[in-house]
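Here are the chains, one letter per residue:
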Amino acid sequence: NDIGLRYKGNGTFMESRPTLKRSLKIDLRRYNKGRKLAGVSTINLHNNVTDASWMNEVLAHRAYRDAGIPAPRTSYAKVYVTVPGKFDHKYIGLYSIVENVDKNFLEDRFGSKKGGLFKPSSNKMFDYLGEDWKAYNQGFDPKTDLTEEQEKRVFDFCKLVTKASDEEFTKEIGRFVDIPKFAQYMAVLVWIVDFDSILDTGQNFYLYLDPKTNKFQFMAWDQDHSFGQFGMVGKQEDRENLDIHKPWTGEKRFLERMYKLDAFKKLYIADLAKLSKTVLQPERLAQQVDAIGQAIRSAVKEESDTKLANFDKVVAGQNIKPANNFGGRFRMPDTVPIKPFMKSRLHYVEDQLAGKIKGKGITMGFPGGGGDNDFGPGMFMAPAFMRELDANKD
């Protein structure tokens, strides 16, 4: 009783708007400080409306954890809702549970709650904006109360990224970024090709300023578009053969400078090669897909026959048509599921590492830019407005 409950999500919220199956954030401490369940005080229930397999996020976070990078634990839950006079224990559907990245998470993974935690979202990532925190607050979105020293650390980090000479950057960046951990993080991210991230949208990651080292670490979040399934950026073949040496879109000064750094690049290339033979070996991921598929199939079946048919196809490795084409001229490509993506990606990564081929660079975000493939925020908003404003269908 007396918990905090709210909807969550951006694209997943818009896509689930016509249904009852919204993503939810449950805050057990909202009205009862100190209350926890199994060591956590916040529970994220993700609706997986963008993922016919229900597995992208679960397996992506597992890949980060298996690679030695702090990442949320995940599981699954069947969610029922009772609203007196409206719903009586109504099955809303199968959700994934994703561990919240908060002070509980920090204490468990890093042994301290005292560091600075941020959830950045900006296409001008780590630009220097002066010495007033107000200019940084929205872009960095701190999740903990910051000390003046932590704010100053952000200022100095951004100044180094934006203004330092190449010589100074090479000399000083290791004081600000845990380079070995960043190499591991980027290796997984680039291998599984999630463009709804630091690679394109500039979001869906956490930044942690470790009080023990005074260095920043990167951690993944919101992984439903992993395994090359962010169809709004590039073509399928381009994503599968994404250039391991320049995997981002547009101009991203921080990444451009890091990828010129020998200390980072050597570790990153070694991590990519290691992942190909261990954590992200396609047969290993295929076994995980089959195991999860068997475990959750009955819960998917309870949602709908249509969802079950698509689920069975993607578990088997067959392409499916996208569930949402945004109601306009823009047409999303077919979804290529995890199994065939992993095989194709392994081939391209290994050939790039061996110098046999050159990877595909993606110079822009959303495909199209004219003609019959236009894409923009209106494609999310128009269906919602039309449902409300044209209820009489005239």
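Structure's up top.
Residues numbered from 1 in each chain as written. Predicted model: local features only at pLDDT ≥ 70, side-chain atom pairs only at ≥ 80, totals over all residues. Heavy atoms only, no water.

Novice: Describe the packing of aromatic side chains, listing the residues and the values that go with them.
Specialist: Given two aromatic rings, their pairing is described by the distance between the two centres and the angle made by the two planes. Scanning all chains against the criterion turns up 32 aromatic pairs. Relative to Y91, the ring of Y80 has its centre 5.2 Å away and its plane inclined at 45 degrees; by these criteria the two rings are tilted. Placement of the pair is Y80 in strand 4 (residues 74-83) and Y91 in strand 5 (residues 87-99), with a sequence separation of eleven residues. Sitting over the face of the ring of Y7, R22 holds its NZ or CZ atom 5.0 Å from the ring centroid. Of note, K119 hangs over the ring of Y206, and the distance from its end group to the ring centre comes to 5.9 Å. (Phe/Tyr/Trp six-rings, centres within 6.5 Å; stacked < 30°, edge-to-face > 60°. Helix = DSSP H or I, 4+ residues; strand = E, 2+ residues; numbered from the N terminus. Lys NZ or Arg CZ within 6 Å of the ring centre and 35° of its normal.)

Novice: Which residues make up the side chain of K252, and what are the values?
Specialist: The topology assignment puts K252 in the loop between helix 8 (236-240) and helix 9 (253-258). One buried charged side chain, K252, makes no salt bridge at all; its nearest oppositely charged neighbour is D200, positioned 5.1 Å away. Discounting chain neighbours no more than four positions away, the residues touching K252 are I198, L199 and D200. (Buried < 20%, exposed > 50% of the residue type's maximum accessible area, 1.4 Å probe, protein only. Lys, Arg positive; Asp, Glu negative; His and termini not counted. Salt bridge = Lys/Arg side-chain N within 4 Å of Asp/Glu carboxyl O. Contact = heavy atoms within 4.5 Å.)

Novice: Describe the pattern of salt bridges, and please don't skip the residues or the numbers.
Specialist: The tally for this structure, following the rule as stated, stands at 19 salt bridges. Residue D156 pairs with K152 through a salt bridge whose shortest N-O separation is 2.9 Å. Of this pair, D156 and K152 both sit in helix 5 (residues 148-163), separated by four residues, roughly a single helical turn. You can call D156 partly exposed: its relative accessible area is 22%. Close ionic contact of D238 with K360 constitutes a salt bridge, the shortest N to O distance being 3.5 Å. Here D238, found in helix 8, pairs with K360, found in the loop between helix 13 (338-353) and helix 14 (378-389); they are 122 residues apart in sequence, far enough to count as distant.

Distances and angles like these do not, on their own, reveal function.
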